[in-house]
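What the coordinates show
Residues per chain are reported as follows:
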Amino acid sequence: MSAGGKAHRGPVDVDDIDAFDALIDARSPAEFALDHLPGAINCPVLDDEERRIVGTLYKQQGAFEARRVGGAMVAANLARHLQSDIFKNQPIGWKPLVYCWRGGLRSGSMVQWLRLVGWDAQQLAGGYKRFRQHVMAQLDLLCPQLPLRVICGPTGSGKTRMLQALAAQGAQVLDLEALACHKGSMLGELPGQAQPSQKAFDTALYTALRGIDRGRPVFIEAESRKIGRLSLPSGLLARLRDSPCIELQLTAEARLEFLLRDYAYLGEDGAGLARILERLRPSHGHETVNRWQDWARRGELSPLFAELCRLHYDPHYARSQATQFQQWPQRQALRAEGLAPAQLSALAQRLLTLQS
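Below or above, wherever it landed, is the structure these notes cover. As the structure is a prediction and not an experimental result, all values here were calculated from the model.

Once that is clear, we can look at the overall build of the protein chain. Within the protein chain, the secondary structure is distributed over 15 helices and 11 strands. For the C-alpha atoms alone, the extent of the protein chain along its principal axes is close to 70 × 50 × 35 Å. Burial analysis of the protein chain (356 residues in total) assigns 47% to the buried set. Restricting to contacts in the protein chain with at least 6 residues of sequence separation, those with at least 24 account for 71%. Here the protein chain displays about 17,400 Å² of accessible surface, and carbon together with sulfur accounts for 53% of that area. Distance between charge centres in the protein chain, computed from 43 positive and 37 negative side chains, equals 4 Å.

Attention shifts here to the side chain of His312. Looking at the element boundaries, His312 is found in helix 14 (residues 301-324). There is a polar contact of 3.0 Å between the side chain of His312 and the side chain of His284. Once you skip the residues sitting within four places of it in the chain, His312 turns out to touch Leu280, His284 and Glu307.

What follows deals with the environment of Ser224. By the element assignment, Ser224 lies in the loop between strand 7 (218-221) and strand 8 (226-227). In this structure the C-alpha to C-alpha distance between Ser224 and Leu190, which are 34 residues apart in sequence, comes to 18 Å. Non-local contacts of Ser224, meaning those with residues more than four positions away in its chain, are made with Leu232, Leu237 and Arg241. From its side chain, Ser224 meets the backbone oxygen of Lys226 in a polar contact 3.0 Å long.

So, on to the side chain of Ser185. With respect to the element layout, Ser185 can be found in the loop between helix 8 (176-180) and helix 9 (198-210). The residues touching Ser185, leaving out its near neighbours within four places in the chain, are Tyr263 and Tyr313.

Okay, the pattern of salt bridges next. Under the defined criterion, the tally for this structure stands at 18 salt bridges. In this structure, Glu49 and Arg52 form a salt bridge, with 2.6 Å as the shortest nitrogen-oxygen distance. With Glu49 and Arg52 both in helix 2 (residues 48-61) and 3 residues apart, this pair spans about one turn of that helix. Under the relative-accessibility criterion, Arg52 is labelled partly exposed at 47%. Across the pair Arg261 and Glu257 runs a salt bridge, and its minimum N-O distance is 3.4 Å.

Let us now look at the pairing of strand 10 (residues 245-249). Of all 5 residues that make up strand 10, 4 are buried, and the element is covered over most of its length. Relative to strand 10, strand 5 (residues 148-152) runs parallel, the two being bridged by 3 bridges. Within the sheet, the bridge partner assigned to Val150 lies in strand 10 and is Cys245. Sheet topology places strand 10 next to strand 11 (residues 332-335); 4 bridges connect them, and they run parallel.

A separate point is the pairing of strand 1 (residues 22-25). Regular strands have side chains that alternate between both faces of the sheet. Neither face of strand 1 is open: one carries Ala22 and Ile24, the other Leu23 and Asp25, and all of them are buried. Of the strand pairs in this sheet, strand 1 and strand 3 (residues 96-99) are connected by 4 bridges, and their pairing is parallel. Note on strand 3: the bridge partner recorded for Leu23 is Leu97. On the question of chirality, the crossover connecting strand 1 to the parallel strand 2 (residues 41-42) by way of helix 1 (residues 29-34) is right-handed.

Remark: helix 7 (residues 159-168) packs on helix 15 (residues 341-355), axes separated minimally by 9 Å, with the N-to-C direction vectors making an angle of 70 degrees. In terms of their interaxial angle, helix 7 and helix 15 are classed as roughly perpendicular. Residues Arg161, Met162, Ala165 and Leu166 of helix 7 pack against Leu344, Ser345, Leu347, Ala348, Leu351 and Leu352 of helix 15. Looking at side-chain class alone, the contact of helix 7 with helix 15 contains 8 nonpolar, 1 polar and 1 charged residues.

Cut-offs and rules
- Counting of residues starts from 1 at the beginning of each chain's written sequence and follows it residue by residue.
- Given that the model is predicted, a residue must reach a pLDDT of at least 70 before its local features are reported, and side-chain atom pairs must reach 80 or more before they are shown or counted; all residues, however, enter totals for whole chains, interfaces and linings.
- Side-chain descriptors were evaluated using all non-hydrogen atoms of the structure, hydrogens and water having been removed beforehand.
- Under the scheme used here, helices are H or I runs from DSSP no shorter than 4 residues and strands are E runs no shorter than 2 residues, and both carry numbers assigned from the N terminus.
- Exposure is judged per residue with a 1.4 Å probe applied to protein chains only, and the accessible area is read against the type maximum: over 50% gives exposed, under 20% gives buried, and values in between give partly exposed.
- Only heavy atoms enter the contact rule, under which two residues are in contact if any of them lie within 4.5 Å.
- Method for areas: the Shrake-Rupley scheme with a 1.4 Å probe, in which residue coverage is limited to the protein chains shown.
- A residue counts as positive if it is Lys or Arg and as negative if it is Asp or Glu; His and the chain ends are not included.
- Positions of charges follow a simple convention, taking NZ of Lys, CZ of Arg, CG of Asp or CD of Glu.
- Residues adjacent in sequence count toward polar contacts only when both atoms are side-chain atoms; beyond that, a polar contact is any pair of N or O atoms within 3.5 Å, and within protein one must be able to donate a hydrogen and the other to accept it.
- Definition used for salt bridges: Asp or Glu carboxyl oxygen within 4 Å of a side-chain nitrogen of Lys or Arg.
- Following DSSP output, two strands are said to pair if at least two bridges run between them.
- Here, the term right-handed applies to a crossover whose path from the first strand over the helix to the second runs clockwise when the strands point away from the viewer.
- Working convention: axes come from line fits to C-alpha atoms, limited for helices to the stretch in contact. Angles between N-to-C directions cover 0 to 180 degrees.
- When describing relative orientation, an angle under 35 degrees is termed roughly parallel and one over 145 degrees roughly antiparallel, while 65 to 115 degrees is termed roughly perpendicular and anything else oblique.
- Side-chain classes are defined by residue name, with Ala, Val, Leu, Ile, Met, Phe, Trp, Tyr, Cys and Pro counting as nonpolar, Asp, Glu, Lys and Arg as charged, and the others, Gly among them, as polar.

Keep in mind these numbers describe shape, not what the thing actually does.
In structure tokens, the structure reads:
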């Protein structure tokens, strides 16, 4: 029995985390930033520099000296946490679940202190490492079962906007580019937004799939194996490649109009855009890429985007669809007059009617 008279269970399995009032991540801020359990709060028992010091002591002087020095650091940090707003106003019935890297000393130390206060604190068995294994196992299990409907179309056809319009009308949508913080193409890096780590992307995808009703269609945008620097799980990519396709068809003029709005920010850094276009020199030659870079530096996006679509994106799209998607010959065509909000809403309604 604890000091508060509560019988404490053993370490908690990852399947039972939803039974707790809070998830406390006892790892360092750098570990937390790389990835963490959804909804977790970072209360490190050792910060990044302290963790480095303790690790060095362990290697150079052994476990005892590392624990002696580290124990003092942990005690000081726990005292500070107990005085923070996260802890000081919690009622006696509060039930937090604490984890560290492997469910060892860091989370164990915090659990002991919280139990001494009187809270029914528990430790996650296996820590973050066990959660990570669970995420990957669930992705392997869930992805092949998804009833996907793949929204296809050449660059500028409004695939992401279509997903958003479908979601607004209650359809199930899996927006991989939103999870990856990237638009997927060579020019897809979002201004001022770094992509998450691969582990954080996997966790976000796992969280999204947990809420999916597999009895209803899930609309998803056609993607390649990678979105920016992030890789799709092999099971999801295989399922995407083997699912029914819906092709958005839009005039070249309407696509260019949309691209000039959607990528207008690229004109604010012409030198940076020119550096990205340098990657195309091996496939398009010096004369063409020099012309594109000149337009980029001058902020002349209209002729640049028009030629990129005609000479780069559209030929690649025409070649790749039939080889990447098994059901491409049976695709459903959906013609759009434009991509204004009202037009997208009507298009989404029409698609949902055709799918019912």
